[in-house]
Each structure stands twice: as C-alpha cells, then as structure tokens.
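Reading the structure
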Amino acid sequence: MVKINILLTDIEYREAFVERLRNSDISVDAEIIREITQEYIYDESLLVTDRVLGPEERTLVNEKAVVYLSDGSISDTFYESSCISKYNAVNDNIAQLSRIYADVFESHESMVTEECRVIAVCCTEEGEGNVADLSRFISHQMAYIRRCRVLLLSLRDLNTFAYKGSENEFERLVYYLQEGRRLDLGSFFYRDDYGVYYIRTCDCYNRITAMTAEDRSWLIRELSEYFQCIVIHVGSSLNDDNQRRVAKSDLVFCADENLSQLKVLLSDVPESRIHPIKWNLNPEESEMEVADLLRDCFENR
C-alpha cells in the first residue's frame, strides 16, 4: 500500500485529488494534514505539497519522501526529482507517486515462487470477432480460480488493452527491467476490477511488437517473475514468432469453429493443448466451457 500525506493549499484541487486517490486501482492510504508538527510521524509516508517548506519543517520530514505538486510557480531549487504537475492526468500522477514510494521505501512486490503459466488465445482471420473479450474472460477466470496475479499481454500490432498510461510509460518499464530494478506493480501496471493486470500505456500501437523477437522473449521472461499467469492475446496475428510462442504455451484457446487452418499453422502444438471455442456463436455457453477447462487444467496445480 502507498501511504500519502496531503498538505495542499489549493483546497478544491486537494479534495478532488484525495477522492481520486481513494478510488484508484492502486492501493493508497491518503490522509489530509493541515501542518507539519513534531507530533506527527512521517515514516513510511510520502508528503505531497504545493508550497515550499520552511527550514524547521524540513528538519521534521524525510526530504526524499517529499513530492511537490507544481503549477510552475515552485522553483526547481526547492526539489530535485520528486515533483508532479497539477496539469498531468491524475492517473499519471498516481502511478508516479506509487513509483516514488517504492523507490524511497523499497516497498517492492516479491518475486513469485512458482512457475508462471502461459495461456495463448488465437484464431484465424475468419474467426477474429471479439477475441479480445475471450482473452479478458480467460484472464478474469484465472485470477478467480487460482487467486493469483494475472497479466494480459497483447502481441498484436494494435493493443486492445491500452489503459491509463503516459507516453513514455513503456520505455520506463523496459528501463527498470534492464537496470535490474524491482518493479512496483502499481506504478507500471493497471489492475482492473477483476484483479487482472495490464501494462500502463496510452498508445494503441503496441510497442512490444516493435521489439525484436529476442527482446520480446526477454521482456516476457522478465515479466514472468511478477505474475503467476500470463495470457498472451495473439488473435489472428500468427506470424512465425507468435506461432512459436503459442506452441510453447501451457494451454491454447482458439476462437474458431473450423480448426483445419490453425492445425496447419500450429502443427507443433499437441492437439491435447488446443481447445476450440465457438466464442462468437454462443458466448454464454462458451464461457461455461472455458471456465470448466481452466478448472480442469489449473485448479489442482
């Protein structure tokens, strides 16, 4: 949980900001304070303020944990890197606060101790339909059945799952992984109401598909340290690299009634791991079928 003390002179912004913090998908404990006193304990909490702290106040706080909310009026001489802008999207500021909190207090998610399971969702061009909905449903079911952290990752050029991210969010994620820094999940991933995670990005163009095949493998391998299950959304983008990824998956769902073409494309995948789903014909019946298959495969593992 990210703990934040709010000391803002802009009352209207303060109330709106605290409300958004409390309704955020990131777990936040936000408290409004009126002044900095010796009686108040600031350990393990960020202080978000829009005013310059006086000399006595600065002796009472951990300056690394002070984050300035700037509208351009606070001089850069009063802070180093911990600053958020009032004009940024609130979700971007919340993600940045979570990242600062993790850096200052080293409150990082622990590595998973069990092997990460990979589920692939694909189809032919004829079966494209609403395959993204199938990927979401499978992800939600895995989060429910196994009570684990699930990442839904698109390997298509157009990312259907772009949520609440800033322009350079993906590059920052890659940089943290390259530097061997532990990720705070709330900073880099959006978590939906079902508990499924998505990489924070505002760009519908998928940065992952622009990576080399080797770099994509590296990224997925690094992310597997944080999630017990990764659902890769392939759809009809069955290029050579995605075919190899599907072939290596623990389970494959195909949103097609006729599997003849897919069997040719996925000739290296044992038929026992391929499950055809008539997703676009009868969604309710298909949901029951998917849920049963997932329970049979994973519930007792």
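Presented here is an overview of the structure given in this document. Treat the numbers as computed from the prediction; the structure is a model and nothing was measured.

1. What about the environment of Lys-64?
Here Lys-64 shows up in the loop between helix H2 (55-58) and strand E4 (66-70). Between the C-alpha atoms of Lys-64 and Ser-82, which are 18 residues apart in sequence, the distance is 7.6 Å.

2. Focus on the sheet that holds strand E2 (residues 28-32)
Judged by pairing direction, the sheet is parallel, and its five strands sit side by side in the order E2-E1-E3-E4-E5 without closing on themselves. Where the open sheet ends on each side, the last strands, each with one partner, are E2 and strand E5 (83-85). Direction aside, the axes of adjacent strands within the sheet are offset by 25° on average. As paired elements, E4 and E5 share three bridges and run parallel to each other. The partner of Tyr-68 across the bridge, within E5, is Cys-83. Seen against the sheet, helix H1 (residues 11-22) touches strand E1 (2-7), E2, strand E3 (46-49), E4 and E5 and runs at an angle of roughly 160° to E2.

3. Description of the packing of aromatic side chains
For the structure on display, the rule yields seven aromatic pairs. The interplanar angle of 70° and the centroid separation of 6.3 Å between the aromatic rings of Tyr-175 and Tyr-176 together place this pair among those described as edge-to-face. In this structure Tyr-176 comes out as buried when scored by relative accessible area, which is 8%. Ring plane angle 65° and centroid distance 5.4 Å describe the contact between Tyr-197 and Phe-227, whose orientation is recorded as edge-to-face.

4. Considering the pattern of salt bridges
By the definition in use, this model includes 12 salt bridges. Between Asp-133 and Arg-136 there is a salt bridge; the shortest N-O distance is 3.2 Å. You can see Asp-133 and its partner Arg-136 sitting in helix H4 (residues 131-146), three residues apart, about one turn around the helix. Taking relative accessible area as the criterion, Asp-133 reaches 37% and is therefore assigned partly exposed.

Rules of the game
Residues numbered from 1 in each chain as written. Predicted model: local features only at pLDDT ≥ 70, side-chain atom pairs only at ≥ 80, totals over all residues. Heavy atoms only, no water. Helix = DSSP H or I, 4+ residues; strand = E, 2+ residues; numbered from the N terminus. Pairing = 2+ DSSP bridges. Axes fitted to C-alpha atoms, helices over the stretch in contact; angles between N-to-C directions. Contact = heavy atoms within 4.5 Å. Phe/Tyr/Trp six-rings, centres within 6.5 Å; stacked < 30°, edge-to-face > 60°. Buried < 20%, exposed > 50% of the residue type's maximum accessible area, 1.4 Å probe, protein only. Salt bridge = Lys/Arg side-chain N within 4 Å of Asp/Glu carboxyl O.

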